[in-house]
Amino acid sequence: MTFEEMGVSPEIQKAIQELGFEKPMPVQEKIIPILLDRNTDIVGLAQTGTGKTAAFGIPIVQQSDVRVKKPQVVILSPTRELCVQISKDLKSYAKYVDGLQILAVYGGASIQPQLAALNDGVQVIVATPGRLLDLIKRKAAKLSSVYRVVLDEADEMLNMGFLDEINEILESIPADRNTLLFSATMPAEIKKIAATYMRNPEEVVIGTRNASAENVKHIVYTVHAKDKYLALKRIADFYPKVYGIVFCRTRIETQEIADKLIQDGYNADSLHGDLSQPVRDSVMQKFRLRNVQLLVATDVAARGLDVNDLTHVIHYSLPDDPEVYTHRSGRTGRIGKAGISIAITHLREKHSIGRIESSINIKFEKARIPTGREICEKQLFNLIDKMENVEIDNTEIDTYLPVIYKKLDWLSKEELIKRFVSLEFNRFLDYYRDADELNEPVEDRKSRRAGRGDDDFGVRGRKMKDFDGKSEQGYTRIFISLGKIDGLVPAALIEHINNNVSGTKVPVGRIDLMSKFSFFEVKSEYAEQVIGSLKGSRFRGNKVDVQRAQGKDAMKSGKSDKGGKSEKGEKSFSKKPDRWSEKPKRRPRR
Ligand code: AMP
């Protein structure tokens, strides 16, 4: 069905064509013909991103009588932002409709201009409940000619405590009106409003998923609860071009995470209800203009933000309600673009992930938090990409070039590239040099458990500080040039040994993981075979070196008996450059 076939007027068709609406979205196909044909009450179960604003907005624009300078339609929305967005959308559908006045009224802004505009006469009022009630009480908003009321995001209005105001407003609008109620969820209170104020409403369900959800990839990372913030930073670093919202549960958490990110040099800001309206406006504007890359926000505050091309939605805290997850993740992957929805969870939240998966019919991909090395690699290629695509202002730069060429004359092309790249890249190397493994070590625990009862295979229960420098009786200690930074965990090490030593299951004893290299013990009769098999093998793309370790000194300094040097000292057997041995510093500012 086309907009024309649904009976949408030529003026509106022209306007929405300019907005890029080629064909109606499913919610529009269902609702627009009903509203243009008859004044049936409608309960719409629909998320943002489904096109519901146009579904109720187009008939409103088409059916308002511009000759009558009185409010004919009232649209209630939970936040000022959504209010402004709806009125902006309606005004854009009404671009070629002469004389239609659409007014947004909301709290947190001066009431005087709103009083004046109402006095001039408007046909459509888009309002937050509190402010509209205030205007009704001041007799500025006269609703006796209202024939249609829309309750948009009704569940959110209730969450924000607007139930009394909604009831009072509905009481003051003629009972023979047409009522439309849209909500992402249908709690009992909403059903009660529908039962009290609506007449035989028709139910329109636009799936439980956003129209765009097919384009969204859902990823879950599981870390220790205390590492969630570190995980967030790694994710942000792993996606250098990220443009997304980080959802938190409370205002306090939102502010805390945003503050930390800003302090750590990320291009982030916060959006929540404790901020004043002008601050919220300015944050949203900065985010819309992409001057802010990561917006840390509460669900409610993010509601009115109409940004469609997010690369990522990050759930720093998972919502209790799976529908809220849908709402959040529907902000990415819109209008045919691919999007990524990332949940950062800890083990106890496993059931929440399962609940979301089953109730909205999606599947999370379980991913590992990228290692320091993987992030550095990603950043490096991003840098190279940027360098390749940088715009060159020839007229400006040309004057300096001869001197620069002369100064750098002594460097080969390879040296030059190395130096330019290192200039930027060293900062990331510095930061991630001693970065720990963050993933919730599920395998770790399994192997530790195995080690307790099974001396032949597994990690012994001794701690590094308890190590006396002597291998267990009958075991040989081996140095390996892989550490936590390479993503090495005990289970991965054992798996690597099993994959590379053919024909036998090697009894592994104690394992000591360091950040850049590690030690492990194997039953002495297997030592040579293990060293021979692992030497030169590849672990996640890195070439592995192994040596027989040197006893107590080896444990402290990272030496093998073939002369490898200390972890904090100059060189280790890993292929990492010398500079990896510097102390970690703050993450580079962007
Ligand atoms: P909403 O669910 O009302 O927030 O709409 C989500 C987005 O879809 C908005 O950016 C609309 O401009 C856009 N949109 C609505 N209807 C259509 C349509 N028929 N074709 C293309 N885009 C649309």
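Residues numbered from 1 in each chain as written. Predicted model: local features only at pLDDT ≥ 70, side-chain atom pairs only at ≥ 80, totals over all residues. Heavy atoms only, no water.

### With respect to the overall build of the protein chain
Here is step 1: The helix and strand tally for the protein chain stands at 23 helices and 20 strands.
Here is step 2: Out of the 590 residues belonging to the protein chain, those deemed buried represent 53%.
Here is step 3: About 27700 Å² of surface is accessible on the protein chain, with carbon and sulfur atoms providing 51% of the total. (Helix = DSSP H or I, 4+ residues; strand = E, 2+ residues; numbered from the N terminus. Buried < 20%, exposed > 50% of the residue type's maximum accessible area, 1.4 Å probe, protein only. Areas by Shrake-Rupley, 256 points an atom, 1.4 Å probe, with all protein chains shown as cover.)

### Here we look at the site of the ligand
Here is step 1: Taken together, 13 residues lie around the ligand, and Lys23, Gln28, Gly49, Gly51 and Thr53 are the ones closest in.
Here is step 2: Interatomic distance of 2.7 Å between a side-chain N/O atom of glutamine 28 and a nitrogen atom of the ligand.
Here is step 3: Within the backbone of glycine 51, an N or O atom sits 2.7 Å from an oxygen atom of the ligand.
Here is step 4: Protein burial of the ligand: of its 500 Å² of free accessible surface, 81% is covered by the chains. (Near = heavy atom within 4 Å. Polar contact = N/O pair within 3.5 Å; in protein donor to acceptor, adjacent residues only side chain to side chain.)

### Thoughts on the sheet that holds strand β10 (residues 268-271)
Here is step 1: Ordered by their spatial adjacency, seven strands build an open sheet running β10-β11-β9-β12-β13-β8-β14, and the pairing between neighbours is parallel. Every interior strand has two partners, whereas the edge strands, β10 and β14 (365-367), have only one. Sheet twist, expressed as the mean angle between neighbouring strand axes with direction ignored, is 25°.
Here is step 2: Of the strands in this sheet, β9 (244-247), β10 and β11 (294-297) touch helix α12 (residues 277-288), which is tilted by about 135° from β10. (Pairing = 2+ DSSP bridges. Axes fitted to C-alpha atoms, helices over the stretch in contact; angles between N-to-C directions. Contact = heavy atoms within 4.5 Å.)

### Looking at a negative patch on the surface
Here is step 1: Residues Glu391, Asp393, Glu396 and Asp398 make up a contiguous surface patch of negative charge.
Here is step 2: Locating aspartate 398 in the fold gives a position in helix α17 (residues 394-398). (Patch = residues over 30% accessible without salt bridge, like charges linked within 9 Å, V, L, I, M, F, W, Y side chains within 5 Å. Salt bridge = Lys/Arg side-chain N within 4 Å of Asp/Glu carboxyl O. Lys, Arg positive; Asp, Glu negative; His and termini not counted. Charge placed at Lys NZ, Arg CZ, Asp CG, Glu CD.)

### Focus: helix α8 (residues 163-171)
Because the α-helix completes a turn every 3.6 residues, residues three or four places apart line up on one side.
Here is step 1: Within α8 the residues assigned to the buried category are Ile166, Ile169 and Leu170. Axial view of α8: buried residues confined to an arc of 95°, hence all on one face. Structural note: α8 exposes Asp164 and Glu171 on the side pointing more than 90 degrees away from its buried face.
Here is step 2: Where the residues of α8 are buried, they touch β2 (73-76), α6 (129-137), β5 (148-151), α7 (154-159) and α9 (188-197). (Arc of directions from axis to C-beta.)

### Topic: unusual backbone geometry
Here is step 1: Phi at glutamate 153 is positive, roughly 50°, even though this residue is not glycine.
Here is step 2: With respect to the helices and strands, glutamate 153 occurs in the loop between β5 and α7.

### Quick notes on the pattern of salt bridges
Here is step 1: With the rule as written, the count across this model stands at 26 salt bridges.
Here is step 2: Residues aspartate 134 and arginine 138 are paired through a salt bridge, measuring 3.0 Å at the closest nitrogen-oxygen approach.
Here is step 3: For aspartate 134, a relative accessible area of 30% corresponds to the partly exposed category.
Here is step 4: Residue arginine 138 is classed as partly exposed on the basis of its relative accessible area, which comes to 45%.
Here is step 5: Across the pair aspartate 299 and arginine 328 runs a salt bridge whose closest N-O atoms are separated by 2.7 Å. Within this pair, whereas aspartate 299 is found in helix α13 (residues 299-302), its partner arginine 328 is found in helix α14 (residues 322-329), the two being separated by 29 residues in sequence. An identical accessibility class is assigned to aspartate 299 and arginine 328; each is buried.
Here is step 6: Members of the salt-bridge network, linked through shared partners, are Arg477, Arg510, Asp512 and Glu521.

### What about the pairing of strand β8 (residues 216-222)?
Here is step 1: Among the seven residues that make up β8, five are buried, leaving the element largely enclosed by the rest of the structure.
Here is step 2: Pairing of β8 with strand β13 (residues 339-345), which is carried by seven bridges, proceeds in the parallel orientation. In the strand pairing of β13, histidine 218 is matched with serine 341.

### Quick word on a nonpolar patch on the surface
Here is step 1: Together, Met387, Phe420 and Leu423 make up an exposed nonpolar region whose accessible area comes to about 340 Å².
Here is step 2: For methionine 387, a relative accessible area of 42% translates into the label partly exposed.

### Quick notes on the side chain of glutamine 379
Here is step 1: Among the secondary structure elements, glutamine 379 is positioned in helix α16 (residues 372-389).
Here is step 2: With a relative accessible area of 9%, glutamine 379 lands in the buried category.
Here is step 3: Of note is the side chain of glutamine 379, whose polar atom sits 2.6 Å from the backbone oxygen of aspartate 237.

### Section: the packing of helix α2 (residues 26-37) against helix α3 (residues 52-63)
Here is step 1: Their axes nearest at 8 Å, the elements α2 and α3 cross at an angle of 25°. On the basis of their axis angle, the class for α2 and α3 is roughly parallel. Classified by chirality, the crossing of α3 by α2 is right-handed. Contact residues: α2 offers Val27, Gln28, Ile31, Ile32, Leu35 and Leu36, while α3 offers Lys52, Ala54, Ala55, Phe56, Ile58, Pro59, Gln62 and Gln63.
Here is step 2: Residue classes in the contact of α2 with α3 are distributed as ten nonpolar, three polar and one charged. (Parallel < 35°, antiparallel > 145°, perpendicular 65-115°, else oblique. Left-handed = near helix turned anticlockwise from the far one by under 90°. Nonpolar A, V, L, I, M, F, W, Y, C, P; charged D, E, K, R; others polar.)

### Some thoughts on the environment of valine 522
Here is step 1: Examined against the element boundaries, valine 522 turns out to sit in strand β17 (residues 518-523).
Here is step 2: The exposure class of valine 522 is buried, given its relative accessible area of 0%.
Here is step 3: Residues valine 522 and arginine 477, 45 residues apart in the sequence, show an inter-C-alpha distance of 6.7 Å.
Here is step 4: In contact with valine 522, other than residues within four places in its own chain, are Gly474, Tyr475, Thr476, Ile478, Val506, Pro507, Val508, Ala527 and Val530.

### What about the sheet that holds strand β3 (residues 102-105)?
Here is step 1: Here seven strands make up an open sheet; going across it, the order is β3-β4-β2-β5-β6-β1-β7 and the pairing parallel. The sheet terminates laterally at β3 and β7 (202-205), the two strands that pair on one side only. The average undirected angle you get between the axes of adjacent strands in this sheet is 15°.
Here is step 2: Where β2 meets strand β4 (residues 124-127), four bridges bridge the pair, whose relative direction is parallel.

### As for the confidence of the model for the protein chain
Interpretation of the predicted coordinates at a detailed level should be avoided for regions scoring low in pLDDT.
Here is step 1: Considering every residue of the protein chain, the mean pLDDT works out to 82; 85% of them sit at 70 or more.
Here is step 2: Per-residue pLDDT stays below 50 along residues 208-212; that stretch engages in 21 contacts with residues further than four places along the chain or on separate chains.
Here is step 3: Contacts from residues 553-559, a stretch scored under 50 in pLDDT, to residues over four places away or in other chains number 23 contacts. (pLDDT = per-residue confidence, 0-100.)

### Points about helix α11 (residues 251-263)
Here is step 1: Between the first and last C-alpha of α11 there are 18 Å, a value that for 13 residues agrees with the 18 Å anticipated at 1.5 Å per step.
Here is step 2: When we look at burial in α11, the residues that qualify are Glu253, Thr254, Ile257, Ala258 and Leu261. What you see down the axis of α11 is that its buried residues fit within an arc of 125°, all on one side. Exposed and facing more than 90 degrees away from the buried side of α11 are Ile252 and Gln263.
Here is step 3: Tucked inside the fold, the buried residues of α11 contact α10 (228-238), β10 and β11.
Here is step 4: With its phi angle positive at about 90°, glycine 265 sits one or two positions after the end of α11. (Expected span 1.5 Å × (residues − 1).)

### Re the side chain of asparagine 178
Here is step 1: Of note, asparagine 178 is situated in strand β6 (residues 178-183).
Here is step 2: A distance of 2.9 Å separates a polar side-chain atom of asparagine 178 from the backbone oxygen of threonine 40.
Here is step 3: One polar contact links asparagine 178 to arginine 148, side chain to side chain, over a distance of 2.6 Å.
Here is step 4: Once residues within four sequence positions are removed from consideration, asparagine 178 is found in contact with Leu35, Asn39, Thr40, Asp41, Tyr147, Arg148, Val149 and Arg199.

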